[in-house]
Amino acid sequence: MKSNLKIYNSLTGEKELFTPLHQDKVGMYVCGPTVYSNVHLGNVRTFLSFDFIYRSLQYLGFKVRYVRNITDAGHLTDDGDVNNDRFVKQSRLEKLEPMEIVQKYTVDFHNVLKLFNLLPPTIEPTATGHIIEQIELTQKLIDKGFAYESNGSVYFDVLEYNKRGLNYGELSRRNIEELFENTRDLDGQNEKKNPQDFALWKKASPQHIMRWSSPWGDGFPGWHLECTAMSTKYLGDQFDIHGGGMDLKFPHHECEIAQGKACNETAPVRYWMHANMLTMNGQRMSKSTGNYILPMQLITGENNFFEKPFTPSVLRFCFLQAHYRSVLDISNEAMLASEKGFDRLMDAIKSLNSITASTSSSFNVLEWKQKCIDSLLDDFNSPILIATIFEAVKFINTLKENKATITAADLELLKETLNALVFDVLGLYTSTSNNNGKLEEVVNLLIQMRNTARANKDFAQSDLIRNQLAAIGIELKDGKEGTTFTL
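Residues numbered from 1 in each chain as written. Predicted model: local features only at pLDDT ≥ 70, side-chain atom pairs only at ≥ 80, totals over all residues. Heavy atoms only, no water.

J.: Help me get a handle on the overall build of the protein, residues and values and all.
T.: Check the secondary structure of the protein and you find 16 helices and 15 strands. Radius of gyration (C-alpha) of the protein: 25 Å, near the 23 Å computed for a compact globule of 487 residues. Taking the principal axes of its C-alpha atoms as reference, the protein extends roughly 80 × 60 × 35 Å. For the protein, the residues scored as buried account for 53% of the 487 residues in total. Restricting to contacts in the protein with at least 6 residues of sequence separation, those with at least 24 account for 75%. Surface summary for the protein: the accessible area is close to 21800 Å², and the carbon and sulfur share equals 48%. (Helix = DSSP H or I, 4+ residues; strand = E, 2+ residues; numbered from the N terminus. Rg over C-alpha atoms; globule rule 2.2 N^0.38 Å. Buried < 20%, exposed > 50% of the residue type's maximum accessible area, 1.4 Å probe, protein only. Contact = heavy atoms within 4.5 Å. Areas by Shrake-Rupley, 256 points an atom, 1.4 Å probe, with all protein chains shown as cover.)

Here is the structure:
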């Protein structure tokens, strides 16, 4: 069945039949977080989309090597000002060492993704762990004439790249001449030959904390270089799938293509995949406008946008009701509807255990299963998959009302398929307990421990207790009369 998989390739703008480089094996690289602040809800949507794709590939029978990096160095907001390094700026704001910032927000990233039941990648490399590889790549690009050193920094020569018959702008469909015409000169960029040239290595100013020695002096790597270094190291000079958010198409992914082709004389990626953006209440999420919410604020209910807390699994279910390439808008109404749909789905699955088999089936389970598989084969169409799953939910409800029948074999197939699709592919989950009395005692004990931690201003421990409880569906609510919880 996996031989019929079609993937929308952002490079060609078309759905293409997926043919992996190596039979039944997939190499997939996804751009990970820049760990200088809390992971935001839009990031979660992107990583959740590729978690679903990862799970789907495995379900379809592929063995997947999934690489997702951690950007913990070299993320400049522009190439002209080394003081715009996000880690250095945040370290000054929080009065912490840059690597303390990295550790703090890497832990936050992993905790949040665990709440949403994302599978860990096969390999999770860091930029700081691959400085040697980035220096080697930079030297290789210099040796091949695609890069040049200037005042201790090294830049990729975009004009030279295009002069050799290559096409900088092919992914984002930007015209190189227009790029040069429309680019204003920025302060500090006079060391570049051309405004569109991008940094491979930046000279560190005397006050710059994150720095490494190199053939060009002390400095740090450019943002785009790390992904080329890590993806090719673990997946080869060419690999199957590269994913990320739509906002990374240009310049980040465009630069990756150029670096890969210049270094290895081959297109680095066969299928480019991009997840679309997340909006809230019909508007772009932005701190400056106040239309903004962190994942934990939605889970705990500590916000002004939603009338109640929502479990991570309900939010995951909401996200997957939109195709990964579509803009997804969340609102109070959308979340309430998702919660209702999620509960209906879980109730149907539970009720299968009480269904009595018959001598005939009034529902073609094999045909239904194939429709589910077809939705995955069609560019991982999660909304169609969910709609097809709810055809089974409707049938299960008629079984409960004794208005339909199912054979023992079909009942077993239905259970097996629903469990695989709902829990393994969609990654949904629910928590139950057969002994709520003892559970309440344990939760109350944890609340006491959290209160002690807060009194001691150990907010990291306090947040950890709350987040871990939320991960299993137990929501804490702080009020004037103390902390309460809901199961």
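J.: Please provide a residue-by-residue account of helix 4 (residues 131-143), values included.
T.: The first and last C-alpha atoms of helix 4 sit 18 Å apart over 13 residues, in line with the 18 Å expected at 1.5 Å per residue. Every buried residue belonging to helix 4 is among Ile 131, Glu 133, Gln 134, Ile 135, Leu 137, Thr 138 and Leu 141, and all of these are buried. On its buried face, helix 4 sits against strand 5 (147-150), strand 6 (153-156), strand 7 (198-203), strand 8 (219-221), helix 7 (223-235) and helix 8 (249-264). Just downstream of helix 4 lies Gly 145, where phi reads positive at about 85°. (Expected span 1.5 Å × (residues − 1).)

J.: Go over the pattern of salt bridges with me, naming the residues and quoting the values.
T.: With the rule as written, the count across this model stands at 20 salt bridges. The closest approach of N and O atoms between Asp 51 and Arg 55, which form a salt bridge, is 2.8 Å. Placement of both Asp 51 and Arg 55 in helix 1 (residues 41-59) is noted, with a separation of four residues, approximately one turn of the helix. Accessibility expressed as a relative area gives 6% for Arg 55, which makes it buried. Residue Arg 164 pairs with Glu 160 through a salt bridge whose shortest N-O separation is 2.8 Å. For Arg 164, a relative accessible area of 40% corresponds to the partly exposed category. Look at Glu 160 and you get partly exposed, because its relative accessible area is 23%. Within this structure, Asp 51, Arg 55 and Arg 316 form a network of salt bridges that share partners. (Salt bridge = Lys/Arg side-chain N within 4 Å of Asp/Glu carboxyl O.)

J.: Describe helix 16 (residues 459-471), with residues and values.
T.: Here helix 16 is 13 residues long and its end C-alpha atoms lie 18 Å apart, about the 18 Å a rise of 1.5 Å per residue gives. By the burial criterion, the buried members of helix 16 are Ser 462, Ile 465, Arg 466, Asn 467, Leu 469, Ala 470 and Ala 471. Backbone geometry just after helix 16 places Gly 473 at a positive phi near 85°.

J.: Before we move on, can you summarise the sheet that holds strand 5 with the specific residues and values?
T.: In spatial order, the strands read 5-6-7-8; together these four strands make up an open sheet with antiparallel pairing. At either end of the open sheet lies a strand with only one pairing partner, and these are strand 5 and strand 8. Here the average twist between neighbouring strands, direction ignored, is 20°. With three bridges connecting them, strand 7 and strand 8 associate as antiparallel partners. Bridged to Trp 201 within strand 8 is Pro 221. (Pairing = 2+ DSSP bridges. Axes fitted to C-alpha atoms, helices over the stretch in contact; angles between N-to-C directions.)

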